[in-house]
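An overview of the molecular structure
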Amino acid sequence: MTDQISREDRRVAESDIARLVHTYCHRLDAGDFDAVAAMFEHATWQLSSEIVTTGSAEKTAVLQEAMMLHDGKPGTRHMVSNLVVDVAGDGQTARSLSYVLTSQVAPGFPLQLISQARYEDTFSNRNGQWRFASRVVHSDGVGDMSHHQKGAAG
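In short, a report on the structure.

What counts and how
Residues numbered from 1 in each chain as written. Predicted model: local features only at pLDDT ≥ 70, side-chain atom pairs only at ≥ 80, totals over all residues. Heavy atoms only, no water. Helix = DSSP H or I, 4+ residues; strand = E, 2+ residues; numbered from the N terminus. Rg over C-alpha atoms; globule rule 2.2 N^0.38 Å. Buried < 20%, exposed > 50% of the residue type's maximum accessible area, 1.4 Å probe, protein only. Contact = heavy atoms within 4.5 Å. Salt bridge = Lys/Arg side-chain N within 4 Å of Asp/Glu carboxyl O. Phe/Tyr/Trp six-rings, centres within 6.5 Å; stacked < 30°, edge-to-face > 60°. Lys NZ or Arg CZ within 6 Å of the ring centre and 35° of its normal. Pairing = 2+ DSSP bridges.

The next thing to look at is the overall build of the protein. For the protein, the helix and strand inventory stands at three helices and six strands. Taken from N to C terminus, the helices and strands of the protein fall in the order α-α-β-β-α-β-β-β-β. A compact globule built from 154 residues would reach a C-alpha radius of gyration of about 15 Å, and the protein, at 16 Å, matches this within 12%. In terms of principal-axis extent, the alpha carbons of the protein reach across some 60 × 30 × 25 Å. By the burial criterion, 38% of the 154 residues in the protein qualify as buried. Pairs at least 24 apart in sequence give 54% of the contacts found in the protein among residues at least 6 apart.

Time to look at unusual backbone geometry. In this structure, D71 takes a positive phi of about 55° despite not being glycine. Turning to its location among the elements, D71 is positioned in the loop between α3 (55–66) and β3 (76–87). The class for D71 is exposed, based on a relative accessible area of 80%. Located in the positive-phi region is N82, a residue other than glycine, with phi close to 50°.

Here the focus is the pattern of salt bridges. The full count for this structure, using the stated rule, is four salt bridges. Here R95 and E120 are joined by a salt bridge, their closest N and O atoms 3.4 Å apart. In this pair, R95 is assigned in strand β4 (residues 93–106) and E120 in strand β5 (residues 109–126), connecting sequence segments 25 residues apart. With a shortest N-O distance of 3.0 Å, D140 and R118 are connected by a salt bridge. Of this pair, D140 sits in strand β6 (residues 129–142) while R118 sits in strand β5; the two residues are 22 residues apart in sequence, bridging distant segments of the chain.

Turning our attention to the packing of aromatic side chains. For the coordinates displayed, the defined rule picks out five aromatic pairs. Ring geometry for Y24 against F40: centres 5.7 Å apart, planes inclined by 75°, an arrangement best described as edge-to-face. One end of the pair, Y24, is in helix α1 (residues 7–29); the other, F40, is in the loop between α2 (33–38) and β1 (44–46), and 16 residues separate them in sequence. A relative accessible area of 2% places Y24 in the buried class. Using a relative accessible area of 0% as the deciding quantity, one classes F40 as buried. In textbook terms, an aromatic cluster arises when at least three aromatic residues are bridged by ring pairs, as seen for Y24, F40, Y119, F123 and F132. We note R135 situated over the ring of Y24; from NZ or CZ to the ring centre the distance is 4.4 Å. It is R135 that lies over the ring of Y119; its NZ or CZ is 3.6 Å from the centre.

This paragraph deals with the pairing of β4. Where β3 and β4 come together, 10 bridges link them in antiparallel fashion. Looking at the pairing, V85 lines up with S96 of β4. Joining the antiparallel neighbours β4 and β5 is a turn of two residues, in which G108 adopts a positive phi near 75°.

In C-alpha cells form, the structure reads like this:
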C-alpha cells in the first residue's frame, strides 16, 4: 500500500506550489532572468513546439535573446488565475494547471493585454522543497508583441 499524504501536508504542498508559480511571475516581470532561470535548473520549459529548454542556462539564453527590456524590465504583469494543484498521494510530485494573462506598458506603448495562455506544470519535492520539473505554455491568443519580443510584429 502506498503512503498517503496527510490533509495538512497536502494543504502545505499546494500553498508552496502556488507560491512557486506566482514567484516565477514576479521575477519575470522584474526582469530578473537569472532568478527565473534558476527556478528551472532541474526542469524543462516549453514555450512552443520550437522553443524547449532544459536547465537554467538554456532558459536564460532564450529570455535574453527574445525579450525586450525597458529600463531593465519587460514592462509586463503576468497575472495567474484559476490555479489548480493536484498533489500525488505520496506527496513527492504534483501537477498544476493555471491561466495567465500578460499585460504590458512600455515607452510609446500604451497599457494593453498582449497574451493569454495556460501553464501546465509538474513539480517534484526534493528534500522538502518543491521545484519545477516541467512547464508547458499553451498560447491561447497573442496581441501586439512588438514591444515585448525582439523581432515581433505589432
